[in-house]
Amino acid sequence: RMFDTRLLDSELFMSGRLDASQVDQARQALIANPACTVVNLRELEFICSGGIGLFFGHYQRLHVHGYRLTIREPRPNIRRILELAKLDSFADII
């Protein structure tokens with residue numbers, strides 16, 4: 001399934017496969033919504049290391065302004081990857 005993003009009520013939804021060829025699209029979605037503190041991964045099927053790096057970068061941009069990143073509803077396989085990358089040490093994964 002193709003990667004896609006959509007903004008709904010200040011929550012950025014990501015779906016499909018976030019592989020290396022889609023990281024720039026995801027980065028642009030986050031840059032276009034710099035105050036977005038909630039990213040919903042309910043429909044994300046795959047995330048590459050570049051996607052994880054993308055969340056680290058977004059966290060840093062938010063942190064400078066006193067905000068915290070929240071990642072909502074990741075599938076079990078995605079949650080495990082995020083936890084292995086220690087993303088849960090600075091982002092809320094719920």
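Scroll up to find the structure this text is about.
Predicted model, so just to flag it, every value in this text is computed and none were measured.

**Q** How should I be thinking about the nonpolar core in this particular structure?
**A** Inside soluble globular proteins, nonpolar side chains tend to come together where they are buried. Counting residues in hydrophobic clusters, the biggest one holds 27 residues, and the most contacted among them are M14, L41, F55 and L82. Of all the secondary structure elements, the ones that give two or more residues to this core are β2 (11–18), α1 (23–32), β3 (38–47), α2 (49–64) and α3 (76–84). Here the element with the most residues in this core is α2; it accounts for five residues. Ignoring any residue separated from it by four or fewer positions in sequence, one finds F55 in contact with M14, V39, L41, I47, L69, I71, L82 and L87.

**Q** What is the right way to read the side chain of N40 from this model?
**A** Positionally, N40 belongs in strand β3. Engagement of the side chain of N40 in a polar contact is seen with the backbone nitrogen of R42, the distance being 2.8 Å. Non-local contacts of N40, meaning those with residues more than four positions away in its chain, are made with E11, L12, F13, M14, R72 and E73.

**Q** I would appreciate a short explanation of the packing of α1 against α2 in the present structure.
**A** Pairs of packed helices are described in terms of their axes, by the angle between the two and the distance that separates them. With their axes 10 Å apart at the nearest point, α1 and α2 run at an angle of 20 degrees to one another. Between α1 and α2, the interaxial angle falls into the category roughly parallel. As α1 packs across α2, the resulting crossing turns out to be right-handed. Residues V23, A26, R27 and L30 of α1 lie in contact with α2, whose contacting residues are G50, G51, L54, H58 and R61. For the contact of α1 with α2, the residue count by class is four nonpolar, three polar and two charged.

**Q** Just checking my understanding: could you explain the sheet that holds β3 for this structure?
**A** Strand pairs in the sheet, formed through backbone hydrogen bonds, run parallel or antiparallel to each other. Strand order in the open sheet made by the five strands is β1-β2-β3-β4-β5, with mixed pairing throughout. The open sheet has two free edges, formed respectively by β1 (4–8) and β5 (92–93), since each of these has just one partner strand. The sheet contact formed by β2 and β3 spans seven bridges and is parallel. Its bridge partner lying in β3, L12 is registered against V39. Along the sheet, α3 makes contact with β3, β4 (70–72) and β5, crossing β3 at roughly 105 degrees.

Rules behind the numbers
Residues numbered from 1 in each chain as written. Predicted model: local features only at pLDDT ≥ 70, side-chain atom pairs only at ≥ 80, totals over all residues. Heavy atoms only, no water. Core = buried A, V, L, I, M, F, W, Y, C linked by side-chain atoms within 4.5 Å. Buried < 20%, exposed > 50% of the residue type's maximum accessible area, 1.4 Å probe, protein only. Helix = DSSP H or I, 4+ residues; strand = E, 2+ residues; numbered from the N terminus. Contact = heavy atoms within 4.5 Å. Polar contact = N/O pair within 3.5 Å; in protein donor to acceptor, adjacent residues only side chain to side chain. Axes fitted to C-alpha atoms, helices over the stretch in contact; angles between N-to-C directions. Parallel < 35°, antiparallel > 145°, perpendicular 65-115°, else oblique. Left-handed = near helix turned anticlockwise from the far one by under 90°. Nonpolar A, V, L, I, M, F, W, Y, C, P; charged D, E, K, R; others polar. Pairing = 2+ DSSP bridges.

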